[in-house]
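Structural features, examined
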Amino acid sequence: MIELGAAVRLAARCTDAGGTLTNASSVTLTITLPDGTISSPAVTNPPSVTGQYSHDYVTTQPGRHLVRWLFATPASAYTDVLDVLPADPRFLFSLADAKRHVNIPADTTRDDGELRDWSAATTMVVEHFVGPVARRTVTERHTFTAARMRVLRETPALSLTSLAPILTGGTSYTPGDLDLDPETGIVQRKDGGLLAGPLRITYVAGRAIVSPNIAQAGRIILQHLWRTQRGSLRGPVIAGGEDYSVTEPIPGLGYAIPNRALELLEPDRLPPGVA
């Protein structure tokens, strides 16, 4: 993945029907951004390099980009995708922490990109069991017309931002007039009145402090996933290998989660039916 604001070199090769590199009479590069807008930047073809084109694109939006090269005379085309991380990718731990845990020297950078991808995957897996860990802003639609309480869908919930009516003429509520139970996500009026709806509720979910058991479970999952990608290339399993044992599949996740990680996550597991 690419960092938001970083430059990435987009490149393509133009070949004729026989597969020989050939300079095209015209080249069009289009980049469809995540919001649907399209950019058509100029491309570079060095005079001494036949059939090879590039453009250094500076990312401005997080999300998936569609990259399309179209060549004419000879007719050729190439399509690719580019994934750009948000400004806050919400990793469970830092790259330096991940490298320490999988025993990669700090000054070895060859695997940094792949390790960050696996760190992102690890974060999603951990949150599947315990709910949001990294802070995020969540907006939800609650369509009940009137109720004593609303139950937020992502917990723990740190704070309420706004409760706004979805329909014209509806009632909005000030967060200071409401009580939020962070663990259950229950929102109630402090005066005991009804919350009229439907409402669009915006709040911050996540944890102010990541508990040691969650952090350690994430590290075990990361190391397990990292080792499965390398097999014998990383050497034999060291002492304590039972931490990475997986004795039975987990619905929806297969054999991705070691037993020890599940045991560490147990104190913070979401209730059944919430994950």
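One structure accompanies this document, and this report is about it. As the structure is a computational prediction, the values presented were derived from the model and not from experiment. (Residues numbered from 1 in each chain as written. Predicted model: local features only at pLDDT ≥ 70, side-chain atom pairs only at ≥ 80, totals over all residues. Heavy atoms only, no water.)

**Considerations on the overall build of the protein**
The line we're drawing: Numbering of helices and strands starts at the N terminus; helices are DSSP runs of H or I of at least 4 residues and strands are runs of E of at least 2. Accessibility here uses a 1.4 Å probe with only protein chains present; expressed as a share of the type maximum, an area under 20% marks a residue as buried, one over 50% as exposed, and anything in between as partly exposed. Residues count as neighbours in contact if any of their non-hydrogen atoms are within 4.5 Å of one another. Here the open area of atoms and residues is found with the Shrake-Rupley method and a 1.4 Å probe, where only the protein chains shown may cover a residue.
The secondary structure content of the protein amounts to 4 helices and 14 strands. When the 275 residues of the protein are sorted by exposure, 36% land in the buried category. For the protein, the share of sequence-separated contacts (at least 6 apart) that also reach a separation of at least 24 residues comes to 68%. Carbon and sulfur atoms provide 55% of the accessible area of the protein, an area that totals close to 15,100 Å².

**Considerations on the packing of aromatic side chains**
Convention followed: Pairs were defined over the aromatic rings of Phe, Tyr and Trp, the Trp ring being its six-membered one, requiring ring centres within 6.5 Å. Orientation was assigned from the angle between planes: stacked under 30 degrees, edge-to-face over 60, tilted for the rest.
Inspection of every chain in the model, using the stated rule, returns 2 aromatic pairs. A ring pair is formed by Y53 and F71, whose centres lie 5.3 Å apart and whose planes are at 45°; its orientation type is tilted. Placement of Y53 in strand 4 (residues 52-58) and of F71 in strand 5 (residues 63-72) is noted, with a sequence separation of 18 residues between them. In this pair, the class of Y53 matches that of F71, namely buried. Each ring, one from W69 and one from F71, has its centre 6.2 Å from the other, and the planes form 10°; the classification is stacked. By relative accessible area, which is 3% here, F71 ends up buried.

**With respect to the sheet that holds strand 2 (residues 26-32)**
Definition in use: For two strands to be treated as a pair, DSSP must find no fewer than two bridges joining them.
In spatial order, the strands read 3-2-5-6; together these 4 strands make up an open sheet with antiparallel pairing. Edge positions in the sheet fall to strand 3 (38-39) and strand 6 (76-84), since each of these pairs with one other strand and no more.

**A closer look at the sheet that holds strand 12 (residues 186-189)**
Short version of the rule: To obtain each axis, a line is fitted to C-alpha atoms, and for helices this fit is confined to the stretch in contact; angles are then taken between N-to-C directions over 0 to 180 degrees.
Ordered in space as 9-12-11, the 3 strands form an open sheet in which the pairing is antiparallel. Every interior strand has two partners, whereas the edge strands, strand 9 (149-151) and strand 11 (178-180), have only one. Across the sheet, the axes of successive neighbouring strands diverge by a mean angle of 20°, strand direction being ignored. Where strand 11 meets strand 12, 3 bridges bridge the pair, whose relative direction is antiparallel. Bridge pairing in strand 12 links D179 to Q188.

**Side note on the nonpolar core**
The line we're drawing: We call a set of buried residues a nonpolar core when its members are Ala, Val, Leu, Ile, Met, Phe, Trp, Tyr or Cys and they connect through side-chain atoms within 4.5 Å of each other.
Within the largest apolar cluster, 23 residues are counted, with the highest numbers of intra-cluster contacts made by V126 and I257. Among the secondary structure elements, those contributing two or more residues to this core are helix 2 (112-130), helix 3 (212-230) and helix 4 (259-265). Top element by residues in this core is helix 3. It accounts for 7 residues. Residues contacting V126, with those up to four places away along its chain left out, are L92, V133, I214, G218, I221 and L265. Grouped together as the second largest cluster of nonpolar side chains are 15 residues, V8, L33, V67 and L82 included.

**Brief notes about the environment of Y53**
What counts, and what does not: Identification of polar contacts relies on pairs of N or O atoms within 3.5 Å, with a donor-acceptor requirement for protein atoms, meaning one able to donate a hydrogen and the other able to accept it, and with residues adjacent in sequence counted only if both atoms are side-chain atoms.
For Y53, a relative accessible area of 6% corresponds to the buried category. The spacing of Y53 and V43 is 10 residues in sequence and 6.4 Å in space, taken between C-alpha atoms. In contact with Y53, not counting residues within four places along its chain, are L10, A11, A12, C14, N23, A24, V27, V43, T44, N45, W69 and F71. A polar atom in the side chain of Y53 sits 2.9 Å from the backbone nitrogen of A24.

**Some words on unusual backbone geometry**
At the junction of T73 and P74, the peptide bond is cis and its omega measures out at 5° in the coordinates. Checked against the element boundaries, P74 lands in the loop between strand 5 and strand 6. Along the chain, T73 turns up in the loop between strand 5 and strand 6. The exposed category is assigned to T73, whose relative accessible area is 60%.

**A short note on the side chain of T123**
Mapped onto the secondary structure, T123 falls in helix 2. For T123, the residues in contact, after removing those within four places along its chain, are R90, F91 and L92.

**Some thoughts on the environment of A7**
Relative to the helices and strands, A7 is located in strand 1 (residues 7-13). When its relative accessible area of 56% is taken as the criterion, A7 is described as exposed. Setting aside its immediate chain neighbours within four residues, A7 contacts Y57 and V58.

**Describing helix 2**
Selection rule: In this scheme, a helix's expected span is set at 1.5 Å multiplied by one less than its residue total.
With 19 residues, helix 2 extends 27 Å between its outermost C-alpha atoms, agreeing within 8% with the 27 Å of an ideal straight helix rising 1.5 Å per residue. Of the residues flanking the end of helix 2, it is G131, one or two places downstream, whose phi is positive at about 85°.

**Section: the environment of P175**
Within the fold, P175 resides in the loop between strand 10 (157-165) and strand 11. Separated by 12 residues in sequence, P175 and V187 have C-alpha atoms that sit 9.6 Å apart. Ignoring any residue separated from it by four or fewer positions in sequence, one finds P175 in contact with L160, T161 and S162.

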